[in-house]
Amino acid sequence: MVPDADQAEDDRLRLLFASAFGRGRPADDCPAPDVLLDAVHAVDPPEARAAVIDHLAVCAVCAEAWRLATLRRDDPQAIDADLRDKLSLQVRRVCPRWLREQQEDLVQTAMVKLIRTTSDRAFDLGFLRRVAYSVVVDEIRRQRCRSETAMSPSLPDRIASSADLSPETVARGAEIGEELLAALETLSVDRRRAVTLYLQDHAVPDVASLLGCDRKRASNLVYRGLADLRDALRARGVVP
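**Quick look at helix α4 (residues 60-69)**
Then step 1. Of all 10 residues in α4, 10 are buried, a share of seventy percent or more.
Then step 2. Taken as a whole, α4 has its buried residues at Ala60, Val61, Cys62, Ala63, Glu64, Ala65, Trp66, Arg67, Leu68 and Ala69.

**Some remarks on the pattern of salt bridges**
Then step 1. Counted by the stated rule, this structure contains 12 salt bridges.
Then step 2. Two residues, arginine 130 and aspartate 38, come together in a salt bridge whose shortest N-O distance is 2.8 Å. Residue arginine 130 is located in helix α7 (residues 125-146), and its partner aspartate 38 is located in helix α2 (residues 33-40); the two are separated by 92 residues in the primary sequence.
Then step 3. Residue class for arginine 130 comes out partly exposed when judged on its relative accessible area of 23%.
Then step 4. For glutamate 139, the salt bridge is made with arginine 142, and the minimal N-O distance between the two is 2.6 Å. With a gap of three residues between them, glutamate 139 and arginine 142 both fall in helix α7, about one helical turn apart.
Then step 5. A single salt-bridge network, built from bridges that share partners, covers Asp54, Asp190, Arg192, Arg193 and Arg217.

**Topic: the nonpolar core**
Then step 1. Counting 62 residues, the largest nonpolar core has Leu36, Trp66, Leu87, Tyr133, Leu180, Leu184 and Leu229 as its most contacted members.
Then step 2. A total of nine residues in this core trace back to one element, the largest contributor, which is α7.
Then step 3. If sequence neighbours within four positions are ignored, tryptophan 66 has contacts with Leu36, Ala39, Val40, Val52, Ile53, Leu56, Tyr133, Leu197, Gln200, His202 and Leu210.

**Some words on helix α5 (residues 83-94)**
Then step 1. Look at α5: 17 Å from first C-alpha to last across 12 residues, which is about the 16 Å you get at 1.5 Å a residue.
Then step 2. Among the residues of α5, those classed as buried are Leu87, Ser88, Leu89, Gln90, Val91, Arg93 and Val94.

**Quick notes on the state of the cysteines**
Then step 1. For the structure on display, the rule yields zero disulfides.
Then step 2. Take cysteine 59: it sits in no disulfide, and the sulfur closest to it among the cysteines is that of cysteine 30, at 3.8 Å.
Then step 3. Classification of cysteine 59 by relative accessible area gives buried; the value is 2%.

**Re the packing of helix α3 (residues 46-56) against helix α11 (residues 204-211)**
Then step 1. Put simply, α3 and α11 touch, their axes get as near as 8 Å, and they point 115° apart. Compared by their axis directions, α3 and α11 come out roughly perpendicular. Residue-level contacts link Pro46, Arg49 and Ile53 of α3 to Ser209, Leu210 and Leu211 of α11.
Then step 2. Classifying every residue of the contact of α3 with α11 by side-chain character gives four nonpolar, one polar and one charged.

**A short note on the environment of alanine 50**
Then step 1. By the secondary structure assignment, alanine 50 is in helix α3.
Then step 2. Along the primary structure alanine 50 and arginine 193 are separated by 143 residues, whereas in three dimensions their C-alpha atoms are 7.2 Å apart.

**As for unusual backbone geometry**
Then step 1. Positive phi values are uncommon outside glycine, yet alanine 42 reaches one of about 55°.
Then step 2. Among the secondary structure elements, alanine 42 is positioned in the loop between α2 and α3.

**What about the packing of α2 against α3?**
Then step 1. Running from amino to carboxyl end, α2 crosses α3 at an angle of 105°, the nearest separation of the two axes being 9 Å. Of the possible angle classes, the one that applies to α2 and α3 is roughly perpendicular. Along the contact surface, α2 presents Val35, Leu36 and Ala39, while α3 presents Arg49, Val52 and Leu56.
Then step 2. Residue composition of the contact of α2 with α3, grouped by class: five nonpolar, no polar and one charged.

**Some remarks on the environment of valine 137**
Then step 1. One can find valine 137 in helix α7.
Then step 2. Judged by its relative accessible area of 1%, valine 137 is buried.
Then step 3. Sequence separation of valine 137 and aspartate 34 is 103 residues, and the distance between their C-alpha atoms is 9.8 Å.
Then step 4. For valine 137, the contacting residues outside a window of four places in its chain are Pro33 and Ala65.

Cut-offs and rules
- Residues numbered from 1 in each chain as written.
- Predicted model: local features only at pLDDT ≥ 70, side-chain atom pairs only at ≥ 80, totals over all residues.
- Heavy atoms only, no water.
- Buried < 20%, exposed > 50% of the residue type's maximum accessible area, 1.4 Å probe, protein only.
- Helix = DSSP H or I, 4+ residues; strand = E, 2+ residues; numbered from the N terminus.
- Salt bridge = Lys/Arg side-chain N within 4 Å of Asp/Glu carboxyl O.
- Core = buried A, V, L, I, M, F, W, Y, C linked by side-chain atoms within 4.5 Å.
- Contact = heavy atoms within 4.5 Å.
- Expected span 1.5 Å × (residues − 1).
- Disulfide = S-S within 2.5 Å.
- Axes fitted to C-alpha atoms, helices over the stretch in contact; angles between N-to-C directions.
- Parallel < 35°, antiparallel > 145°, perpendicular 65-115°, else oblique.
- Nonpolar A, V, L, I, M, F, W, Y, C, P; charged D, E, K, R; others polar.

This is the structure we're talking about:
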């Protein structure tokens, strides 16, 4: 468990990490949406996930795409019989608030993608989720390449408790979020991966699963990495 004395500070670090989403642009080597989705849900081997996690620490757009992938929920009773309704529900579940006005267009794009698929597999729920996620992430990247429209950091979804965060911290978040990404790069590789996942709201057991290590090692990587990160941020004058 995170010591109570550090909880508010951890929430503040998550705020800064989320704030970096407002300025990021996709990189040339961004992983495909399917690769991101598989990494989030530990489908591929740990070494493959490690490369994706490394990318999250330097690419705010993919960090947001990772967050969206964690929003998947299993609710079979909420699925209607009609294919479009099923797909619309999956798009709605991963579509960020700032793209809600384009939700119907995204559903239409996803439908076209289904029609054009040459796969013989059934359009089961898992396949529809994958198509919806792919379409949403592609649109996020397209818009970020085309303009400077800010992405919402979706702070209520990312931070468990922000009651101790000052208005000044929130106001300055967009300015110093990139400082946190730079500070992350100073950490050792293993600690940077663990801390990146922790800042994405993954608990230590999830970090262990995603990194392919036991919980004790994951805990050490997270908490020692957080200590290193705070030191790096203090050196930059970002935190007291």
